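Chain by chain, the residues:
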Amino acid sequence: MRDEAVTEICRMPGSVVRVSRWSIDFGSLIGSGTFGSVYRARDDEGSGEVVAAKVIYASRMRWGKILSEVRLLSKIAHHDGIIGLHGAHDVTNANGHCVVMLLELGTGDLLDLLTRKRVLAEAEALRYFREIVGAVEFLHTQRIAHRDLKLENVLISASGACKLADFGLAHE
């Protein structure tokens, strides 16, 4: 998981940085939180697929907790209702130490959708509810509690399906 060749990965707004086969565009912020930020990234050696690069700074979160999130997501990302994981890389340089998780890129989250539409048709709301309950049921069969389930952590995939994301507070 270590990638020493990367320079200036942590906190370089506006630049494009390569991590393994992925080019992360630090000028294309998707979102940010207490422990890190999410940017757009592209597979430069394969399909050209665009993904989300979640950069978690070790200075903001216990290292063991970061690794726990990566391990947990590696275990469950195959489920249709869980955000896909394309890989994770441990990066150390002069700016610090961070982990870059490469995740399936959604079209937005459920809060964005509800803010934009204001009202959902009953059939659409029921479909989203079933998908969320199905993903939570899967987590519980794996003896995992998400512990941060909210509209912002339910992403909408390119096909319109709900995907649970952000397992930073999850517990096995």
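The structure this text deals with has already been given above.
Rules behind the numbers
Residues numbered from 1 in each chain as written. Predicted model: local features only at pLDDT ≥ 70, side-chain atom pairs only at ≥ 80, totals over all residues. Heavy atoms only, no water. Helix = DSSP H or I, 4+ residues; strand = E, 2+ residues; numbered from the N terminus. Rg over C-alpha atoms; globule rule 2.2 N^0.38 Å. Buried < 20%, exposed > 50% of the residue type's maximum accessible area, 1.4 Å probe, protein only. Salt bridge = Lys/Arg side-chain N within 4 Å of Asp/Glu carboxyl O. Pairing = 2+ DSSP bridges. Contact = heavy atoms within 4.5 Å. Lys, Arg positive; Asp, Glu negative; His and termini not counted. Polar contact = N/O pair within 3.5 Å; in protein donor to acceptor, adjacent residues only side chain to side chain. Expected span 1.5 Å × (residues − 1). Arc of directions from axis to C-beta.

Enquirer: Would you mind going over the overall build of the protein with me for this structure?
Expert: On a plain count of helices and strands, the protein comes out with three helices and nine strands. Listing every helix and strand of the protein by position from the N terminus yields β-β-β-β-α-β-β-β-α-α-β-β. Relative to a compact globule of 172 residues, whose C-alpha radius of gyration would be 16 Å, the protein shows 16 Å and is just as compact. With the C-alpha coordinates aligned to their principal axes, the bounding extent of the protein is approximately 50 × 30 × 30 Å. Per-residue burial for the protein yields a buried fraction of 44% across its 172 residues.

Enquirer: What should I look at first to understand the pattern of salt bridges in this one?
Expert: Oppositely charged side chains can pair when the atoms bearing their charge come close. Scanning the entire structure with this criterion turns up ten salt bridges. When the shortest N-O distance is used, the salt bridge between Glu 172 and Lys 75 registers 2.6 Å. Taken together, the residues Glu 172 in the segment after strand 9 (162-164) and Lys 75 in helix 1 (residues 63-76) connect sequence positions 97 residues apart. Ionic contacts of the salt-bridge type, sharing partners, join the residues Arg 18, Asp 44 and Glu 45 into one network.

Enquirer: I would appreciate a short explanation of unusual backbone geometry in the present structure.
Expert: Trans peptide bonds make up the majority, and among non-glycine residues the majority have a negative phi. Of note in the backbone geometry, Ser 20 takes a positive phi value of approximately 55° without being a glycine. For Ser 20, a relative accessible area of 37% gives the class partly exposed. Here the phi dihedral of Asp 166 falls at roughly 60°; this positive angle occurs in a residue that is not glycine. Positionally, Asp 166 belongs in the segment after strand 9. For Asp 166, a relative accessible area of 30% corresponds to the partly exposed category.

Enquirer: Any chance you could explain the pairing of strand 2 (residues 22-32) here in plain terms?
Expert: Look at any regular strand and the pattern is simple: side chains alternate between the two faces of the sheet. By the bridge criterion, four bridges tie strand 1 (residues 16-19) to strand 2 in an arrangement that is antiparallel. Residue pairing for strand 2: Val 17 is matched across the bridge by Ile 24. Between the end of strand 1 and the start of strand 2, which pair antiparallel, lie two residues, with Ser 20 showing a positive phi angle near 55°. Alignment of strand 2 against strand 3 (residues 36-43), held across seven bridges, turns out to be antiparallel. By the bridge assignment for strand 3, Gly 31 is matched with Val 38. If you look at the hairpin formed by strand 2 and strand 3, you'll find three residues sitting between the two strands.

Enquirer: What should I look at first to understand the side chain of Ser 23 in this one?
Expert: Structurally, the position occupied by Ser 23 is in strand 2. When its relative accessible area of 15% is taken as the criterion, Ser 23 is described as buried. Contacts of Ser 23, omitting those with residues within four sequence positions, involve Val 16, Val 17, Arg 18, Arg 40, Ala 41, Arg 42 and Asp 44.

Enquirer: Could you clarify how one ought to interpret the side chain of Asp 109 in this entry?
Expert: Assignment of secondary structure puts Asp 109 in strand 7 (residues 108-109). Buried within the structure, Asp 109 lacks any salt-bridge partner; its nearest side chain of opposite charge belongs to Arg 116, at an N-O separation of 8.0 Å. Of the polar contacts made by the side chain of Asp 109, one reaches the backbone nitrogen of Asp 112; its length is 2.7 Å.

Enquirer: I'm lost on helix 3 (residues 122-141) in this one. Help?
Expert: Every α-helix carries 3.6 residues per turn, so stepping three or four residues along brings you back to the same face. Taking 1.5 Å per residue, 20 residues should reach 28 Å; helix 3 reaches 28 Å between its end C-alpha atoms and fits that length. Along helix 3, the positions that sit buried rather than exposed are Glu 124, Tyr 128, Ile 132, Ala 135, Val 136, Phe 138 and Leu 139. All buried residues of helix 3 project into a common sector of 155° when viewed along the axis, lining one side. Seen from the open side of helix 3, the exposed residues pointing more than 90 degrees away from its buried face are Glu 122, Ala 123, Phe 129, Arg 130, Glu 137, His 140 and Thr 141. Buried positions along helix 3 lie against helix 1, helix 2 (110-117), strand 8 (154-156) and strand 9. Residue Arg 143 follows helix 3 closely and has a positive phi angle near 65°.

None of the figures reported here should be taken as evidence of function without further support.
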